[in-house]
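# Summary of structural features
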Amino acid sequence: MNTRATESPGFRQAVESLVPRIRLTLETAREVVRRPSALAGGILLLLILMASVSFPVLYHTDPLAQDLLARFTPPVWQSGGTWSHLLGTDNLGRDVLSRLLYGSRVSLLVGFTAVFVAELVGIVLGLISGYYGGKTDSFIMRIADIFMAYPFMLLTISVIAVLGPSILNLILVLGISDWVTYARTIRGSVLSLKRKEFVEASRAIGTHNIIIIIRHILPNVISPLLVLGTLRVANIIIWESGLSYLGMGAPPPMPTWGRMLAEGRVYIGDAWWLVTLPGLAIMFTILSINLLGDGLRDALDPRLINV
Amino acid sequence: MLQYILKRLWHTVYVIIGISMISFFFIHLSGDPVLLMLPGDASDQEIEELREQLGFNDPLYVQYVRFASKAIRGDFGESLYYHVPVMELVIERLPASLELAVAAMVFALVLAVPIGIISAVRRGSMLDMGSMLGALLGLSMPHFWLGIMLMLLFSVHLGWLPTSGRGTMAHLIMPAVSLGLSLMAMFARLTRSVMLEVLSLDYIRTARAKGLREEIVISKHALKNALIPLVTVAGMQFGFLIGGTVIIETVFAWPGLGRLVIQAIFSRDYPLVQAIVFVLSLLFVGMNLLVDILYVYLDPQISYSEEK
């Protein structure tokens, strides 16, 4: 059924119909840029992304290299600080700045890919649930209810505890536990869309269900998901750093923001920078994503409630 | 009304069955749960003994039925680490977690509602922009980091508040504030946007046209309707609080279920993990049920006889 669907001319048309969508995306981008707070968020996120990608070239200090003689070096602006460790060193003499930069990779990678996994699962299940209705719908929605009833944090903690901490496990667990919101949102929009004339007309002339879904339904339900997804990246990054704080994030010795906070917590009286800087890094990343997400929401749908 | 409640109760029953299945199966995810529970150097004989003792040699469905029938009676077995029934441990720690969650919720609501209302009424003022910026920062801060920062300021530098433990109000302040701040930010934003929406409705214009004082329009007419979404969201966020206690309790060494579950995970005490996860999920489900019923009570317009 699937192969026949992809060979049919209808499928090619469906793909071609995405072109005006891309133009629409550019318009959205222009809308977003017009808002100062969203623009600021976008620029901040871009800077963080660039720093995270390019740091081994610009700032090549090994985040794992220990220097026990230089333990607890404070940041450069404080007395005792040195230019060789701009943001100081930790209890093992490891460079804080390069650890922060490395940690940004873990957080951003997990945040964006986990949301991608969640969106993928949520979109597929939401489309199926809303479009086909009936028993399939109630089965999927019952599973969604159970997922919703399970405290998200406990679910991820218990699964990670059994599977063992690794980046892949983190992405899968965070992604799979977070599909429900997307599925519910999409299902709701599909339910109202499928009664619209253009969908019924398409069905009347015998268009394949899969093509109706891809061509007529999906493009019309995708924009709330974009907003939701952006804002969820922020949440996932907070959870990831929390798990990592508890020792259930990326495996050691990989530097992550959460692990840096947990390690620094022990020396809270002696080295303020170890507990302050990783948190600031998380906060600015989340702030940039939230600002951008808010802007996207306003640009795409001014009627959505501002929560 | 009664029919709706019955329906919701039935809904709750199958959710609980689902939760019991997840709680039961998650320890089988890695294959052999016995290997998880024993230290790495356990002999084959020890492994076999524990497996037999815990009944892991039976087929899975037999194990599940046994688990479920015991769970209904509140029996989740014995802790592998403390060697007492796990339910005893759970009941002993539950009040501390509830205390923390309730304190955080109260803190969030008490501050968020007035902030949201003032921001909506004085829309566009410095006060509004300032508090919304503050709310955005609050939403962007991981709560456990906020906890560490409060500790750095109030315990390490000023020496006003204790860093850990439970007992007095002074112990409760920092954990509750760190747990509640992002909720407060969220509630303040929600209150503001709902108030703005309500204030633009016709009946508010009518009330103003009648010559009612603005304070009365806001407190008697607008606030009542604005509270409905707030109650729903506050109820749903209880689950967030339960998840959040896990980390905050670890940061502040708060003797609640959250800290216990982390210790249980690291000491591979899976019966205890199962029981805690199950009890916390039950709490969450119960809370949701309560919110749904309260919702109908608050807003008679909702037709509770049909599914959305």
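Residues numbered from 1 in each chain as written. Chains lettered and ligands numbered in written order. Predicted model: local features only at pLDDT ≥ 70, side-chain atom pairs only at ≥ 80, totals over all residues.

## Some thoughts on the overall build of chain A
Check the secondary structure of chain A and you find 13 helices and 0 strands. Along chain A, helices and strands appear, N-terminal first, in the series α-α-α-α-α-α-α-α-α-α-α-α-α. Out of the 307 residues in chain A, the part that is buried amounts to 43%. In chain A, the proportion of contacts linking residues at least 24 apart, taken out of those at least 6 apart, comes to 72%. (Helix = DSSP H or I, 4+ residues; strand = E, 2+ residues; numbered from the N terminus. Buried ≥ 20, exposed ≤ 12 C-beta atoms within 10 Å, placed from the backbone. Contact = placed C-beta atoms within 7 Å.)

## Some details on the overall build of chain B
Of the regular secondary structure elements, chain B holds 13 helices and 0 strands. Relative to its full complement of 308 residues, chain B shows a buried share of 38%. In chain B, the proportion of contacts linking residues at least 24 apart, taken out of those at least 6 apart, comes to 71%.

## Focus on helix α7 (residues 152–163) of chain A
All names here are of chain A. Relative to the 16 Å expected for 12 residues at 1.5 Å per residue, α7 spans 16 Å between its end C-alpha atoms, a close match to the ideal helical length. Where burial is concerned, most of α7 is hidden: 10 out of the 12 residues are buried. Gly 164 lies just past α7 and shows a positive phi near 90°. (Expected span 1.5 Å × (residues − 1).)

## As for the nonpolar core
Counting residues in each nonpolar core, the largest one holds 157 residues, and the members touching the most others are Ile157(A), Ala104(B), Met184(B), Phe187(B), Val261(B) and Ile276(B). Apart from the residues within four sequence positions on either side, Ile157(A) is in contact with Leu243(A), Met248(A), Val246(B) and Ile265(B). (Core = buried A, V, L, I, M, F, W, Y, C linked by C-beta atoms within 7 Å.)

## Notes on the packing of helix α6 (residues 134–149) of chain A against helix α1 (residues 2–25) of chain B
Contact pair α6(A) / α1(B): the axes reach a minimum separation of 9 Å and the direction vectors enclose 70°. As far as their axial angle goes, α1(B) and α6(A) are roughly perpendicular. Seen from above, α6(A) lies across α1(B) with right-handed handedness. Contact residues: α6(A) offers Arg142(A), Asp145(A), Ile146(A) and Ala149(A), while α1(B) offers Tyr14(B), Val15(B), Gly18(B) and Ile19(B). Class assignment for the residues of the contact of α6(A) with α1(B) results in 5 nonpolar, 1 polar and 2 charged. (Axes fitted to C-alpha atoms, helices over the stretch in contact; angles between N-to-C directions. Parallel < 35°, antiparallel > 145°, perpendicular 65-115°, else oblique. Left-handed = near helix turned anticlockwise from the far one by under 90°. Nonpolar A, V, L, I, M, F, W, Y, C, P; charged D, E, K, R; others polar.)

## Some words on the packing of helix α6 (residues 126–140) of chain B against helix α8 (residues 169–199) of chain B
All names here are of chain B. With their axes 8 Å apart at the nearest point, α6 and α8 run at an angle of 140° to one another. Taken together, the axes of α6 and α8 are oblique relative to one another. The handedness of the crossing between α6 and α8 comes out as left-handed. Two secondary-structure elements touch here, α6 through Ser 131, Met 132, Ala 135, Gly 138 and Leu 139 and α8 through Leu 181, Ser 182, Met 184, Ala 185, Met 186, Ala 188 and Arg 189. Residues that form the contact of α6 with α8 fall into these classes: 8 nonpolar, 3 polar and 1 charged.

## Remarks on the interface of chain B and chain A
With 42 residues of chain B at the interface, the matching set in chain A holds 35 residues. Listing elements by their share of the side of chain B that touches chain A, those giving two or more residues are α1, α6, α7 (143–157), α8, α11 (238–251), α12 (257–266) and α13 (270–298) of chain B. Looking at side-chain class alone, the side of chain B that touches chain A contains 32 nonpolar, 9 polar and 1 charged residues.

## Regarding helix α10 (residues 214–236) of chain B
Residues and elements named next belong to chain B. Given a rise of 1.5 Å per residue, 23 residues ought to cover 33 Å, and the 32 Å separating the end C-alpha atoms of α10 matches this to within 8%. Leu 223 marks the point of greatest bend in α10, at about 50°. Every buried residue of α10 is listed here: Val 217, Ile 218, Ala 222, Ala 226 and Ala 234. (Bend = angle between axes of the 7 residues up to and from the residue.)

## A short note on the confidence of the model for chain B
Residues and elements named next belong to chain B. Model confidence for chain B is summarised by a mean pLDDT of 82, while 94% of its residues fall at 70 or above. Confidence, read as mean pLDDT per element, is least for helix α2 (residues 33–37) in chain B (70) and greatest for helix α5 (residues 86–121) (90). Every residue in residues 304–308 scores below 50 in pLDDT, and together they form 5 contacts with partners more than four places removed in sequence or on other chains. For this predicted complex, the interface confidence reaches an ipTM of 0.81, while the overall pTM sits at 0.83. (pLDDT = per-residue confidence, 0-100.)

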